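Per-entry structural report
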Amino acid sequence: MLDRSLQNCEIVSNINMERKEDFEFLCNHIVLCIRTNNKPNRLYTNFVNTHTGNIKQKEKVDEREAPLRHAGFPEKEGHLANGQRDAINNLNFMKSGEFFSVKYANTDIKLSTIKSMVFNNLIQSALGSGPAPITVYAGNDETIKDLLAYMNMQDEGNTLCKRWLEGINTIATYVNDKYDAREFQAITKDGKGFITKKDEMVAIDDMKQKFMYNCFLLFDRNFTDLTTCRDLLQTRLVLLEDAKKRIIEASQNLNFDKSPQELKRKLDEDISKFTDKQNKLNARLNEWKEYFNSLPKGLKFLVKKKIQEKFEGFVQDEEKDIFSSDSTYEDVEKHYNDKIQTVKNGLDDYKKDKKYAFDVLDALDALKNLGIDIENKLTSLTLDEVNEILDSTVRYHQVWYALHYYECRWLMGEYSLKDVYKHLVTKDVIERRYRRLSMITPLLVMNFEDVPYNFFAYVSEDKPISPITDFMDLLILDNADTIPAGVGANVFFLAKQAVVFGKEEKLNDSVFDVSSKSCIVNID
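Residues numbered from 1 in each chain as written. Predicted model: local features only at pLDDT ≥ 70, side-chain atom pairs only at ≥ 80, totals over all residues. Heavy atoms only, no water.

Overview of the overall build of the chain
- Along the chain, the regular secondary structure elements total 20 helices and 10 strands.
- Taking 524 residues into account, the globule formula puts the C-alpha radius of gyration at 24 Å, and the chain, at 32 Å, lies well above it.
- Taken along its principal axes, the extent of the C-alpha atoms in the chain is 115 × 55 × 40 Å.
- Evaluated residue by residue, the chain yields a buried proportion of 52% over its 524 residues.
- For the chain, restricting intrachain contacts to residue pairs at least 6 apart in sequence, the fraction spanning at least 24 positions comes to 75%. (Helix = DSSP H or I, 4+ residues; strand = E, 2+ residues; numbered from the N terminus. Rg over C-alpha atoms; globule rule 2.2 N^0.38 Å. Buried < 20%, exposed > 50% of the residue type's maximum accessible area, 1.4 Å probe, protein only. Contact = heavy atoms within 4.5 Å.)

Right, here's the structure in full:
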């Protein structure tokens, strides 16, 4: 570990970079940690071990569990391609300290995959009431411009599918001290720019009122506080997640290659056989009751004891082998009640056996009640088709509920800073700044060379600068096939997990090359 880290420092010292001093500082800090028995974080350790031949394999994807974990899709039309779905599945089966490579040829497919990853993690955090995850994209000037343009969210013309905070139409903020924020939302490391202007708006109360009005339009009820609105947004998100999982589990167990309407028709036919049989038995039992009640009182007493031969004309042919002249009316009543109970038990057993069939229809009805009708879109209940339809319906709606959920928490002042602290670069302030920013733009975009600098902080106002390690929940590293492994390894020290994108092997011993030894997914 120490030898490889020292080699990384040497590689950094010999490379031509604008932010070379920042990388040297970070690299030397890592070496110091190792020498003082302060072990680096898991991600850096696993990457360096893989680089030196002690390959750390990423956790394998559980193919049955994978579609259940997948949350979020950024578009109202279409669905993920198979390669993109593989990338999302691998993301959802990454443990802390793990990483993998994504190979791509088409830029739009890459950007769509990244956007899906951002929403997947955002929704999962919202479902658990956690803070908005810190997701950082690191690229170069060209890829950053393409990505920022792609991260805009279109207003779909309805209450749910639009941003509820005025002036915010994207999910990405560019973190760059030198950037002129006229084209994209941007912020400097010390908090000047986009987020500061939003936080300092005199009309913040007006924003709250507009937000609650949108809640009123969405839920058709009045709101007097943001807490209730926040809770209802999360509840709706949870209901969608529950319906999604039930439909997927049903499709995995049924593998029914016909439409839900066909399934419903088949169930209705089968159930009608049970109900028809039960109705016939009930009707015959009622005939016996009416016949018995119509008899004269004295004769009724005799019949109550036994079925006399003189009443055999009332006994049907199929009953002659069941009832004899010695049978009592209680025998008749018990016989039919037992038969009726047997039919009821059979129906219960049938419903248990067809649990997933009933479950999927119930979940589809639940979605209708939430304003999402996918029943008519499904031509079969096979897993592949269900997954594709869920992308642009349930998973797409999940995106907007999660966005509004965190917008609401932002308005409620989570991670806000007092004016006196707003532009400090201490560890606590930087972490709160990025946490707060991630609630309204869940992707922080940086130039690769700026990453160390953007996560350097004073431990406190009177203590020296130190890297904020293990803070990023996910680092998305683009153009990784052009970044030397000895250089890129250092930014892994700042994150918990990483996904690296590359087109092909442009550079020997690149970050992409090392990461691919753990796991590689081709999304094209």
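There is more to say, and it comes next.
What to know about helix α5 (residues 82-92)
- With respect to burial, α5 is a largely interior element, nine of its 11 residues being buried.
- Within α5, the full set of buried residues consists of Gly83, Gln84, Arg85, Ala87, Ile88, Asn89, Asn90, Leu91 and Asn92.

Notes on the pattern of salt bridges
- All told, the structure shown has 28 salt bridges when counted by the stated rule.
- As a salt-bridge pair, Lys178 and Glu18 come within 3.3 Å of each other at their nearest N and O atoms. Of this pair, Lys178 sits in the loop between β3 (172-175) and β4 (186-187) while Glu18 is found in the loop between α1 (2-13) and α2 (20-35), placing the two residues 160 residues apart along the sequence. For the residue pair Lys178 and Glu18, the accessibility class agrees, reading exposed in each case.
- A salt bridge links Asp22 to Arg19; its shortest N-O distance comes to 3.3 Å.
- By relative accessible area, which is 15% here, Asp22 ends up buried. (Salt bridge = Lys/Arg side-chain N within 4 Å of Asp/Glu carboxyl O.)

Concerning the packing of aromatic side chains
- A full pass over the atoms with the stated rule returns 15 aromatic pairs.
- The rings of Phe47, Phe99 and Phe492 are connected pair by pair, giving a single aromatic cluster.
- The ring centre of Phe93 lies 3.9 Å from the NZ or CZ of Arg69, which sits over that ring.
- In this structure, Lys189 is placed above the aromatic ring of Tyr453, and the distance from its NZ or CZ to the ring centre is 4.2 Å. (Phe/Tyr/Trp six-rings, centres within 6.5 Å; stacked < 30°, edge-to-face > 60°. Lys NZ or Arg CZ within 6 Å of the ring centre and 35° of its normal.)

With respect to the packing of helix α10 (residues 226-254) against helix α15 (residues 355-369)
- Orientation of α10 relative to α15, taken along the N-to-C sense of each, is 150°, at an axis distance of 8 Å. If you check the angle between α10 and α15, you find them roughly antiparallel. As α10 packs across α15, the resulting crossing turns out to be left-handed. Seen from α10, the contacting residues are Leu240, Ala243, Arg246, Ile247, Glu249, Ala250, Asn253 and Leu254; seen from α15, they are Tyr356, Ala357, Asp359, Val360, Asp362, Ala363, Leu364 and Leu367. (Axes fitted to C-alpha atoms, helices over the stretch in contact; angles between N-to-C directions. Parallel < 35°, antiparallel > 145°, perpendicular 65-115°, else oblique. Left-handed = near helix turned anticlockwise from the far one by under 90°.)

Brief notes about the state of the cysteines
- Scanning the model with the defined rule gives two disulfides in all.
- Two residues, Cys9 and Cys27, share a disulfide whose sulfurs are 2.3 Å apart. Note on the Cys9 and Cys27 pair: the S-S dihedral is about -115°, so by sign convention the disulfide is left-handed. Placement of Cys9 in helix α1 and of Cys27 in helix α2 is noted, with a sequence separation of 18 residues between them.
- Its relative accessible area of 14% is what places Cys9 among the buried residues.
- If you count the bonded cysteines of the chain from the N-terminus, they pair up as 1-2, 3-4.
- As a non-bridged cysteine, Cys161 has Cys215 as the owner of its nearest cysteine sulfur, 14 Å distant.
- Distance from the sulfur of Cys408, which forms no disulfide, to the nearest cysteine sulfur (Cys229) is 4.8 Å. (Disulfide = S-S within 2.5 Å.)

What about a nonpolar patch on the surface?
- Judged by side-chain polarity, Phe25, Tyr458 and Ile465 come together as a nonpolar surface patch covering roughly 250 Å² of accessible area.
- With respect to the helices, strands and loops of the structure, Phe25 is situated in helix α2. (Patch = residues over 30% accessible without salt bridge, like charges linked within 9 Å, V, L, I, M, F, W, Y side chains within 5 Å. Areas by Shrake-Rupley, 256 points an atom, 1.4 Å probe, with all protein chains shown as cover.)

Looking at the pairing of strand β2 (residues 135-139)
- The buried count for β2 comes to five of five residues, which makes it a mostly enclosed element.
- Judged by which residues are buried, β2 turns out to be covered on both faces: Thr135, Tyr137 and Gly139 on one side and Val136 and Ala138 on the other are all buried.
- As paired elements, β2 and strand β8 (residues 474-477) share four bridges and run parallel to each other. If you follow Tyr137 over to β8, its bridge partner there is Ile476.
- Examined bridge by bridge, β2 and strand β5 (residues 443-447) share four bridges and lie parallel to one another. Of the residues in β5, the one forming a bridge with Gly139 is Asn447. (Pairing = 2+ DSSP bridges.)

Details of helix α14 (residues 329-353)
- Along its 25 residues, α14 runs 36 Å from first to last C-alpha, staying within 8% of the 36 Å computed at 1.5 Å per residue.
- Considered for burial, the residues of α14 that qualify are Tyr329, Val332, His335, Tyr336, Ile340, Val343, Leu347 and Tyr350. (Expected span 1.5 Å × (residues − 1).)

Observations concerning the environment of Val491
- Residue placement: Val491 occurs in helix α19 (residues 485-492).
- Residues in contact with Val491, not counting those within four places in the same chain, are Phe23, Leu26, Phe448, Val451, Pro452 and Leu475.

Considerations on the confidence of the model for the chain
- For the chain, mean pLDDT is 90; residues scoring 70 or higher make up 92% of the total.
- The least confident element of the chain is helix α12 (residues 297-305), whose mean pLDDT is 55; the most confident is β8, at 98. (pLDDT = per-residue confidence, 0-100.)

Comments concerning the packing of α1 against helix α3 (residues 42-51)
- It is at 10 Å that the axes of α1 and α3 come closest, and there the two elements cross at 90°. In terms of their interaxial angle, α1 and α3 are classed as roughly perpendicular. Taking contact as the criterion, the partners of Arg4, Ser5 and Asn8 in α1 are, on α3, Tyr44, Val48 and His51.
- Taken together, the residues of the contact of α1 with α3 sort by class into two nonpolar, three polar and one charged. (Nonpolar A, V, L, I, M, F, W, Y, C, P; charged D, E, K, R; others polar.)

Considering the pairing of strand β9 (residues 498-502)
- Among the five residues that make up β9, five are buried, leaving the element largely enclosed by the rest of the structure.
- Residues Ala498, Val500 and Gly502 of β9 are buried on one face, and the alternating residues Val499 and Phe501, pointing to the opposite face, are buried as well.
- Both strand β1 (residues 99-103) and β9 contribute to a ladder of five bridges, which runs parallel. In the strand pairing of β9, Phe99 is matched with Ala498.
- Pairing between β8 and β9: three bridges, direction parallel.

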